[in-house]
Amino acid sequence: MTIPANCQDKFELIPYSPMMKKEWDKFITLSKNATFLLMRDYMDYHAERFSDLSLVFLRNGAIYALLPACRYGDTIYSHAGLTYAGMIMNAKCTASGILDIFALLQDHLRQEGIRNLIYKPIPHIYHSLPAEEDLYALFRSGATLSARNIASVISRRHRIKFRDIRKSGIRKATKSGLNICESSDFKSFWKILSDNLDNKYGASPVHSIDEIEKLSGLFPSNIRLFGAFLGNEMIAGVVIFLSSRVAHCQYISANTTGKSMGALDLIFDRLINYIFADIEYFDFGTSNENGGKILNSSLIYQKEGFGARAVCYDTYELNVF
């Protein structure tokens, strides 16, 4: 069917509803910049904590883009419960189309009494095609950069040699007879992780043990635990969130024994050089506090010792009034 000229490029916005879950998830799988974190089963595992205000943008009646979002008072976040969650686009999205979408979005937010948009774009390492039309639209709309965190990332195509201190840790762990393997024993790792976070920061993991076990059951090929074992005892581990282009370290931790034996060095050697050697990027995660204003120098030094270098995870703020 040919669309009449006067009806072409008609954009409209509708709120997401659970009845649209199938269509939402299908668009995620076909998009050029989304990962499994933007699937509804992942987004909604902690739905009770957030007032969902996700939006669906249509072009001539078909889904053109999605915005995962939640609302707090007069502010909308994309999305407060996720590391990143900007505009989700497919290969058909263009710069002019996304400008139209942002204009429509701002009109809608004004009508809803929302004054501010806090926007966390999906970092470029996750894009299967160039997908920074939203960054241009933010610039054109007058958005300001409000936070910038540094993630330490290894590129498969441009590898940097491990520093000697990391090589030494690998040799030490190897001589200790540690065994590195994938595990489903999240409870043992969560005990190590929780103890470390509590002792160092008085904090807890973002996910509870029940939540991570539920999510790993929903996404078994994407959420994977790799442990270092001394005999049958797990002494260190890394939880990987795996997408098509990125192996992202969501959680990293070792107990006292694991630290003394260089267990994490050996795990990372196996992950980087063997298990995920064909993945485009290996992401150790960020090393910042206070929106990027504080850099944890010792933590990033460890990551950079494996040849990782900086990719920014940004946050923008847009006043829509």
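Structure report, in brief.

Here is what the cut-offs are and how they apply
Residues numbered from 1 in each chain as written. Predicted model: local features only at pLDDT ≥ 70, side-chain atom pairs only at ≥ 80, totals over all residues. Heavy atoms only, no water. Pairing = 2+ DSSP bridges. Helix = DSSP H or I, 4+ residues; strand = E, 2+ residues; numbered from the N terminus. Contact = heavy atoms within 4.5 Å. Axes fitted to C-alpha atoms, helices over the stretch in contact; angles between N-to-C directions. 1 Å grid on protein atoms, 1.4 Å probe; cavity = no way out; pocket = protein on both sides within 12 Å on 5 of 7 lines; lining within 4 Å. Points joined across faces, edges and corners; volume = space filled by probe spheres on them. Nonpolar A, V, L, I, M, F, W, Y, C, P; charged D, E, K, R; others polar. Disulfide = S-S within 2.5 Å. Buried < 20%, exposed > 50% of the residue type's maximum accessible area, 1.4 Å probe, protein only. Phe/Tyr/Trp six-rings, centres within 6.5 Å; stacked < 30°, edge-to-face > 60°.

Things to note about the sheet that holds strand 14 (residues 281-286)
1) Next: One open sheet holds the 11 strands; their spatial order is 2-5-6-8-17-9-14-13-12-11-10, and the pairing between them is mixed. Edge strands, defined here as strands with exactly one partner in the open sheet, are strand 2 (51-52) and strand 10 (179-183).
2) Next: Pairing analysis gives 8 bridges linking strand 11 (residues 223-230) to strand 12 (residues 233-242), with the strands arranged antiparallel. By the bridge assignment, Gly227 is partnered in strand 12 with Gly237.
3) Next: The sheet strands contacting helix 10 (residues 297-304) are strand 9 (144-155), strand 14 and strand 17 (309-319), and the helix crosses strand 14 at an angle near 170 degrees.

Quick word on empty space enclosed by the protein
1) Next: Following the criterion strictly, the structure yields 1 cavity of 30 Å³ or more and no others.
2) Next: Here the largest cavity is characterised by a volume of approximately 90 Å³.
3) Next: As for the largest cavity, its lining consists of 13 residues, and the residues nearest its centre are Leu37, Tyr84, Tyr126, Phe241 and His248.
4) Next: The set of elements that each furnish at least two residues to the lining of the largest cavity consists of strand 12 and strand 13 (246-254).
5) Next: Per element, the largest residue contribution to the lining of the largest cavity is 3 residues, and it comes from strand 13.
6) Next: Taken together, the residues that form the lining of the largest cavity break down as 8 nonpolar, 5 polar and no charged.

Topic: the state of the cysteines
1) Next: The final tally for this structure, using the stated rule, is 0 disulfides.
2) Next: Between Cys249, a free cysteine, and Cys181, which holds the nearest cysteine sulfur, the sulfur-to-sulfur gap is 17 Å.
3) Next: The exposure class of Cys249 is buried, given its relative accessible area of 4%.
4) Next: Note on Cys312: no disulfide assigned, nearest cysteine sulfur contributed by Cys249 at a separation of 18 Å.
5) Next: Judged by its relative accessible area of 33%, Cys312 is partly exposed.

Re the packing of aromatic side chains
1) Next: Considering all chains together, one arrives at 23 aromatic pairs under this definition.
2) Next: Between the aromatic rings of Phe268 and Phe284, the centroid separation amounts to 4.9 Å while the plane-to-plane angle is 65 degrees, which identifies the pairing as edge-to-face. Taken together, the residues span a long stretch of sequence, with Phe268 in helix 9 (residues 263-275) and Phe284 in strand 14 at a distance of 16 residues.
3) Next: Residue classification places Phe284 among the buried residues on the basis of a relative accessible area of 3%.
4) Next: Ring centres of Phe282 and Phe284 lie 5.1 Å apart, and the angle between their planes is 75 degrees; this geometry places the pair in the edge-to-face category. For the pair formed by Phe282 and Phe284, the shared burial category is buried.

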